[in-house]
Each structure stands twice: as structure tokens, then as C-alpha cells.
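The primary structure of each chain is shown beneath.
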Amino acid sequence: MSTATRPFRGGIHPDDRKLTADMPIQQLPLPAKVRIPLAQHLGAPAAAVVKKGDKVTVGQVVGECHGFVSAAVHATVSGTVTAVGTCPHPSGGEVPAVWIEADGADTWRPDLKPVGEINGPAIVQAVKAAGIVGMGGATFPTQVKLSPPEGKKISVLIVNAAECEPFLTCDYRMMIEHGGKIVRGAELLMAALGVGTCVIGIERNKPKAIEHMQSLVKGRSAMSVQALRTRYPQGGEKQLICALTGREVPSGGLPMDVGCLVQNVATAAAVADAVDLGRPLVERVMTVSGDALSKPGNYLVRIGMTIGEVLAAAGLDETRMAKVILGGPMMGIAVANLDIPVTKGTSGILALSNEWVKEPDIKPCIRCGRCLDVCPIGLNPTLLERLSVTKDVTALQLFHAVDCIECGCCTYTCPARRPLVHGIRYGKLQIAALRKIKKN
Ligand code: SF4
Ligand code: SF4
């Protein structure tokens, strides 16, 4: 097994608590109703194309792309549209959504069919029609990533299988159970981009997945599987690119600036489904874990089901539940409202008890410098937190607050338990607000 020899700077090694690694993917029962957000991707929300009373089938478009950076949204159950309204969002606000009451028949759209002649434009069109977005959590519309601007040449496709967040095991299970589909999706992504090299990066703490994926790419000279050291945030795009190619994405730049394109394993599998079956993105595999659950596992869940329903199916003990997190514990978002629906980017839901959630006893900074040592971007987190508190937007920009990837390494390692990443996130909002004022 070869191991990448270009470690990214900083990082940490948290207890990975991958409790569900050996639990096969199970399909959750169909929900009786769904609220499907029209804004579950980066960019402009989809525009609703159904109205109250319409009958819909699974896979039918309910929201069309609205602008270049947008993604189509599909019905995830068959039934009747009960409203074009709103639904709660993890940010605390509401977003536009299509509500559907299921008829229980799970009738799929009859005209779904494989792409006839497979070529670059046909693959991109199929990805767009299927509403595929980055399923690792970034939720950037995939067809946009597959259409780099003129002058930007992609030479390497990287399939992100690092899954470095503690608790999460859905990508691991996808590789073990649907590895062939991931390889097929990677081939299609390569064809769409006209790229001759693909590297699948997997952390060394998943030896079975490495072995399995290596067996699947055997004989394909353009594809390889690379074992990576186990270090968070190995799955960050910039860190993965550095580890696998030695290329450094510049400050404010994108992977395409160094000739790379990164796609998550689940996204690759969704691309295979879109091209080979004509299947839109209506469900996803996610990890549901934590010590407030009696049936943690990896579940295939229809988009639009509420996180409360998913947790109930996973045996939630509400008397033990102290915190619910969407995503992993490092980069995920704590939510108070269990009516928030599952979206295309929901890789995990964690329900943790008080034993696993300790409220931090925040103390003054002792100037130990540990946060600087672990920052994978090379930022000065303690300085950025102070600048955020004093609202010094000019200095926040000068010290590259916008380059923070919000990985949480600084907060994790701080002996004074400073909420550094929250402070920096607030500083980034201040920069965004200033830029908006200047633009208008
Ligand atoms: S400053 Fe940002 S990028 Fe650096 S460790 Fe903290 S959260 Fe991660
Ligand atoms: S790790 Fe915490 S205590 Fe140490 S310098 Fe950074 S903010 Fe201060």
C-alpha cells in the first residue's frame, strides 16, 4: 500500500469514533410527507415549477435551475404537492420549499432512461438534469464544476474519499458496498472533463476500503488509489490536493487554478446513476450516530424527510439528547430545530448526550501558539478572533480571514477553550457585509 508523502501543514488527530463503520447501509422507510428545500446548494435557489394540488412522481422536477450557479430539485416521493412554502434551514431562518404529501406508492417518473450516446456534453447535461451537487457537504452544483472557464485546464480528477471527520462513515460504506459505481462515476467525470488522470484518496484508517478500491481500479492505467496519512482535515480540498499532487492552491484561489478538480465519492456514484440510469438525486446515504441513539447506522434517506424523523428511526432517546449536529463534530452545525429537512449535503446527523458534549469553560488566551501550529492554512487564529471582536475589518482582510476553511482545528486544540472558529466566522461575515456595501 503506497502512502502519499506530501503532508499538508498543521492538522490534528481527533478521536475518530467511527462507531458505524461496520454497519451496512439500510434504507429508511419512505416518509409520509417531505419538505424539499429549493435552496440546498450553493448559488441561486431553484425556481418552483409546481403548484399546490399537482400530482408528482419520484424524480419529477419541482424546481428548475435559476441562473448559472444553481441546481434542479426533484420530487423525492410520489404524491400531491400541498404547498410551495418554506421550511426551516440550519442557519435558523426559512428557505423556499416544496411540500409533498406521499401517496405511499413510490411511483417513479416513467421517462427516466440512460444517456444514449455518452460524451462530454451529454454527461454534463445529465448531471445538470439530475440536480447533482457536491455531496461531501460543499453542495456546489456539479455541472458548474464540470464547466471550467476558458483558459482553466483540469489535468487531475481527485476523488475525495478521505472522510476525515470523526463519526462519519457513509463514504466508507459507499466504497465497500458501491465501489464499482464510484469508479464508473469517476470515469464519467474524467470523460466530461477530458482528463487523463484520476486519483482516489483514502485515509489509511480505512484499509478495507483501500484494498477494495484498489482491486476495482486494477488494470485502469489512468486511475489509482492513494493511501493518505490519517490526519484531520485531510478531506479539505486544498489539503487533499497538496497531499496527492504537491500543488498548492493559492490564497483566494480554486482547485482549478492548479489544474485539479475534487469530487466526493457519493457525488461520483450519483453521476453514475444519472448517466447510466437517468436517475435524479432524490436520496442519499448518511451516517446517523451518537450516544443518544439506540440504532445508529448508515441510512439511505429520501431528501426532504426531517432530521427528527431520521433520528426517531435511529432510536433517539430524547431524555439523553443534549445536542444535535448536522454533519461531523468538527465542521458540522449544531441545530435546535428537528423539523429541518435532510438535504443533498447532509452527510451525517449526530445526537449526543451530555456525557459527550461538554460546555467549554472559556479562559483568556495564554499565548501558547498551539492554534497557529495546527492551522492548515497558516493563519493566526488568535489574532483573527481578536480582530473579529474589535470589528477591525481592514486588518481581518489583511490577515486573510477569508482563507479560513472553518475546520475547527484551532478551537479543538486551544487549552483556553477559546471559540476561535466562531469568532473567525463572524469576522468573515463582517468582511462579506463590507464588500456588499462597497458593491452597491
Ligand atoms: S483559523 Fe480557520 S483554517 Fe485555521 S485552524 Fe482555525 S478554523 Fe481551521
Ligand atoms: S491556542 Fe488558545 S491559548 Fe493558545 S494562543 Fe491560541 S487562542 Fe491563545
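Residues numbered from 1 in each chain as written. Chains lettered and ligands numbered in written order. Predicted model: local features only at pLDDT ≥ 70, side-chain atom pairs only at ≥ 80, totals over all residues. Heavy atoms only, no water.

S.K.: Can you tell me about the packing of aromatic side chains, naming the residues and giving the values?
M.R.: If you walk through the whole model with that rule in mind, you get one aromatic pair. Centroid distance Phe-167 to Trp-356: 5.8 Å. Interplanar angle 50°. Geometry classified as tilted. Linking Phe-167 in the loop between strand E9 (156–161) and helix H3 (170–193) with Trp-356 in the loop between strand E17 (348–353) and helix H8 (370–374), this pair joins segments that are 189 residues apart in sequence. What makes Phe-167 buried here is its relative accessible area of 5%. Relative accessible area serves as the criterion here: at 32%, Trp-356 is assigned to the partly exposed category. A cation sits over an aromatic face here: Arg-35 above Trp-99, 3.7 Å from the ring centre. When the ring centre of Phe-8 is taken as reference, the NZ or CZ atom of Arg-229 above it lies at 5.1 Å. (Phe/Tyr/Trp six-rings, centres within 6.5 Å; stacked < 30°, edge-to-face > 60°. Helix = DSSP H or I, 4+ residues; strand = E, 2+ residues; numbered from the N terminus. Buried < 20%, exposed > 50% of the residue type's maximum accessible area, 1.4 Å probe, protein only. Lys NZ or Arg CZ within 6 Å of the ring centre and 35° of its normal.)

S.K.: So what's going on with the site of ligand 1? Residues and values would help.
M.R.: Lining the immediate environment of ligand 1, one finds 13 residues, of which Cys-375, Cys-404, Cys-407, Gly-408 and Cys-410 sit closest. Of all the elements in the fold, those that place two or more residues in the shell around ligand 1 are helix H11 (409–413) and helix H12 (420–439). (Near = heavy atom within 4 Å.)

S.K.: Help me get a handle on the site of ligand 2, residues and values and all.
M.R.: Around ligand 2 sit Cys-365, Ile-366, Arg-367, Cys-368, Gly-369, Cys-371, Thr-382, Cys-414, Pro-415, Ala-416, Arg-418 and Leu-420, and that is every residue in its neighbourhood. Taken together, the residues that form the shell around ligand 2 break down as eight nonpolar, two polar and two charged. (Nonpolar A, V, L, I, M, F, W, Y, C, P; charged D, E, K, R; others polar.)

S.K.: Just give me the short version of the pattern of salt bridges, but keep the residues and values in it.
M.R.: Any two side chains of opposite charge can pair if their charged atoms end up close together. One pass over the structure, following the stated rule, counts 20 salt bridges. Arg-302 is the partner of Glu-283 in a salt bridge, and the nearest nitrogen-oxygen pair spans 3.0 Å. Of this pair, Glu-283 sits in strand E13 (residues 283–289) while Arg-302 sits in strand E14 (residues 297–302), and the two are 19 residues apart along the sequence. Both residues of the pair, Glu-283 and Arg-302, count as buried. (Salt bridge = Lys/Arg side-chain N within 4 Å of Asp/Glu carboxyl O.)

S.K.: Describe in detail the sheet that holds strand E1 (residues 25–27), supporting the description with residues and values.
M.R.: Read from one edge of the open sheet, six strands run E1-E14-E13-E17-E15-E16, paired in mixed fashion. Each edge of the open sheet is held by one strand with a lone partner, namely E1 and strand E16 (333–335). For this sheet, the mean inter-axis angle between neighbouring strands, taken without regard to orientation, is 30°. In the sheet, strand E15 (residues 321–326) pairs with E17 via five bridges, with the strands oriented antiparallel. Each bridged residue has a counterpart across the sheet, and for Lys-323 the counterpart in E17 is Leu-352. Running over the sheet, H3 touches E1, E13 and E14 and is turned about 125° from E13. (Pairing = 2+ DSSP bridges. Axes fitted to C-alpha atoms, helices over the stretch in contact; angles between N-to-C directions. Contact = heavy atoms within 4.5 Å.)

S.K.: Account for the side chain of Ser-70, naming residues and giving values.
M.R.: Along the chain, Ser-70 turns up in the loop between strand E5 (61–64) and strand E6 (73–74). Within the structure, the side chain of Ser-70 is placed 3.0 Å from the backbone nitrogen of His-66, a separation counted as a polar contact. Not counting residues within four places of it along the chain, the set of residues in contact with Ser-70 comprises His-41, Ala-44, Pro-45, Ala-46, Cys-65, Pro-141 and Gln-143. (Polar contact = N/O pair within 3.5 Å; in protein donor to acceptor, adjacent residues only side chain to side chain.)

S.K.: Before we move on, can you summarise the nonpolar core with the specific residues and values?
M.R.: The biggest cluster of nonpolar side chains holds 64 residues, and the ones touching the most others in it are Ile-100, Leu-157, Ile-182, Ile-200 and Ile-202. Beyond its immediate stretch of four places on either side in the chain, Leu-157 contacts Ala-186, Leu-189, Met-190, Leu-193, Val-195, Thr-197, Cys-198, Val-199, Leu-261 and Gln-263. Residues Leu-28, Leu-293, Ile-307 and Leu-316 belong to the second largest nonpolar core, which totals 20 residues. (Core = buried A, V, L, I, M, F, W, Y, C linked by side-chain atoms within 4.5 Å.)

S.K.: Let's hear about the environment of Met-213: which residues, and what values?
M.R.: Position of Met-213 relative to the elements: it lies in helix H4 (residues 207–217). Separated by 11 residues in the primary sequence, Met-213 and Ser-224 place their C-alpha atoms 8.8 Å from one another.

S.K.: Report on the sheet that holds strand E2 (residues 33–37), specifying residues and quantitative values.
M.R.: Ordered in space as E2-E8-E7-E4, the four strands form an open sheet in which the pairing is antiparallel. Looking at which strands have only one partner, the edges of the open sheet turn out to be E2 and strand E4 (55–56).

S.K.: Please provide a residue-by-residue account of H3, values included.
M.R.: Look at H3: only 26 Å from first C-alpha to last across 24 residues, short of the 34 Å you get at 1.5 Å a residue. A maximum bend of about 95° is found in H3 at His-178. Positive backbone phi, approximately 65°, marks Gly-194, located one or two places after H3. (Expected span 1.5 Å × (residues − 1). Bend = angle between axes of the 7 residues up to and from the residue.)

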